[in-house]
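Now for the letters of each chain:
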Amino acid sequence: MATIKIPADLDAVLNKAWEETRKVPGHLGENEARFLGLLAACVPAKGAIVEIGSFKGRSTVMLANVASRYSLGPVVAIDPHNSPILLNHEANPGASSYRDFLDSIFAAGVSNHVESHVAYSTDVASSWNRPIRLLWIDGDHSYGGAKKDLDGFFPHLVRLGVVAFHDALNAFPGPIRVFVEDVLGSDRFGPAGFVHSIAWAQFRPEEGHAFREKRSSLARRASRLIPFVESGNELHGMAKRRYKFNRFRVPHSAIDPGHWVSLVDSPPPR
Ligand SMILES: C[S@@+](CC[C@H](N)C(=O)[O-])C[C@H]1O[C@@H](n2cnc3c(N)ncnc32)[C@H](O)[C@@H]1O
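From a predicted model like this one, the values you see are computed outputs, not experimental measurements.

A.B. asks: Explain the site of the ligand to me, please; I cannot follow it from the model alone.
C.D. replies: The local shell around the ligand holds 22 residues, among which Gly26, Gly53, Arg58, Ser59 and Gly139 are the closest. A per-class count over the shell around the ligand returns seven nonpolar, ten polar and five charged.

Written as structure tokens, this is what we have:
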């Protein structure tokens, strides 16, 4: 195994990065942002950080802050910046999030550590040829969208690298289904879990079979959520309560740095 050291100043770096991140509008919670920061610093592999879906730059600022502090950047940020729902195109046709995104990364002092692509993920994926150590998927939350995001960049994820999906435990059809079917269902992945609504897994192509039991047990619980969200319709009443009950049964608490390293930097279970 590669060995990874937790930087002595990681807490201070995450605190500072969160101070910058919290200023940026978006739906990434504090614990999720701190977990992303941990990923930016402590994935035991070499390669780029690729972010699909930047919006106004909330997760970009966290990732770039931490990666730049340890010279582990840049962050490749991919977004066409034309989300009709988030930008309310009905009221503001043609609105873009790009200006706000640029302002966010500039104000946070990380613009030199971000490689921005104003493009759809599939367009960038078609000519992508660099190794990836962290693939952060927070773009199109439909099933087809999340599947294309994973399929387009997964061939470049390096051994011991990590894939993470946002909103897997929020009521969207794509992230949870792709994570359960394509990641937890694959013997090419090792340790895996949820932190708040982020689903994550480490690519361990040679030894993933040794983690099968753990992945299957997580998949059994997580897969119960899929029927509630697959239509993409908002949940109400009894369906909403049952969804929340099933979500409660999926372990998703925060991971501290020591625990993280023991998960992703240790040999497979016997
Ligand atoms: C939930 S927001 C991202 C939030 C952001 N990560 C943050 O921390 O605030 C989803 C973003 O994905 C973008 N998006 C949608 N489809 C996409 C695609 N196919 N490729 C890249 N980005 C996409 C949208 O334009 C939108 O800005």
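There is more to say after this.
A.B. asks: Sorry, what's going on with the environment of Val24 here?
C.D. replies: By the secondary structure assignment, Val24 is in the loop between helix H1 (10–21) and helix H2 (30–41). We classify Val24 as buried; it has 23 C-beta atoms within 10 Å. Spatially, the C-alpha atom of Val24 lies 9.0 Å from that of Asp100, the residues being 76 residues apart in sequence. Sequence-distant contacts of Val24, defined by excluding residues within four places in its chain, comprise Lys56, Gly57, Arg58, Val61 and Ser104.

A.B. asks: Mind showing me how you'd approach the pairing of strand E3 (residues 114–117) here?
C.D. replies: On a regular strand, each side chain points to the face opposite its neighbour's, so the side chains alternate between the two faces of the sheet. Burial along E3 is one-sided: Val114 and Ser116 are buried, and none of Glu115 and His117, which face the opposite way, are. Pairing of strand E2 (residues 75–78) with E3, which is carried by four bridges, proceeds in the parallel orientation. Residue pairing for E3: Val75 is matched across the bridge by Val114. Each parallel crossover has a hand, and for E2 linked through helix H4 (residues 98–107) to E3 it is right-handed.

A.B. asks: Is there a simple way to think about unusual backbone geometry in this case?
C.D. replies: Comment: phi is negative for the bulk of residues other than glycine, and the bulk of peptide bonds are trans. The omega angle of the peptide bond from Gly73 to Pro74 is 0°, so this bond is cis rather than trans. Position of Pro74 among the secondary structure elements: in the loop between helix H3 (58–69) and E2. A positive phi is found at Asn88, a non-glycine position, where the angle reads about 50°. Turning to its location among the elements, Asn88 is positioned in the loop between E2 and H4. You can call Asn88 exposed: it has 11 C-beta atoms within 10 Å. Of note in the backbone geometry, Leu160 takes a positive phi value of approximately 75° without being a glycine. Tracing the backbone shows Leu160 in strand E5 (residues 157–165).

A.B. asks: Looking at this structure, how should I read the sheet that holds strand E1 (residues 48–52)?
C.D. replies: Picture the strands of a sheet paired through backbone hydrogen bonds; they go either parallel or antiparallel. Spatial strand order, E3-E2-E1-E4-E5-E7-E6: seven strands in an open sheet with mixed pairing. The open sheet has two free edges, formed respectively by E3 and strand E6 (189–195), since each of these has just one partner strand. Averaged over all adjacent pairs, the angle separating strand axes in this sheet is 15°, with direction ignored. Sheet topology places strand E4 (residues 132–137) next to E5; five bridges connect them, and they run parallel. The partner of Leu134 across the bridge, within E5, is Val162.

The rules we used
Residues numbered from 1 in each chain as written. Predicted model: local features only at pLDDT ≥ 70, side-chain atom pairs only at ≥ 80, totals over all residues. Near = placed C-beta within 6 Å. Nonpolar A, V, L, I, M, F, W, Y, C, P; charged D, E, K, R; others polar. Helix = DSSP H or I, 4+ residues; strand = E, 2+ residues; numbered from the N terminus. Buried ≥ 20, exposed ≤ 12 C-beta atoms within 10 Å, placed from the backbone. Contact = placed C-beta atoms within 7 Å. Pairing = 2+ DSSP bridges. Right-handed = clockwise from strand over helix to strand, strands pointing away. Axes fitted to C-alpha atoms, helices over the stretch in contact; angles between N-to-C directions.

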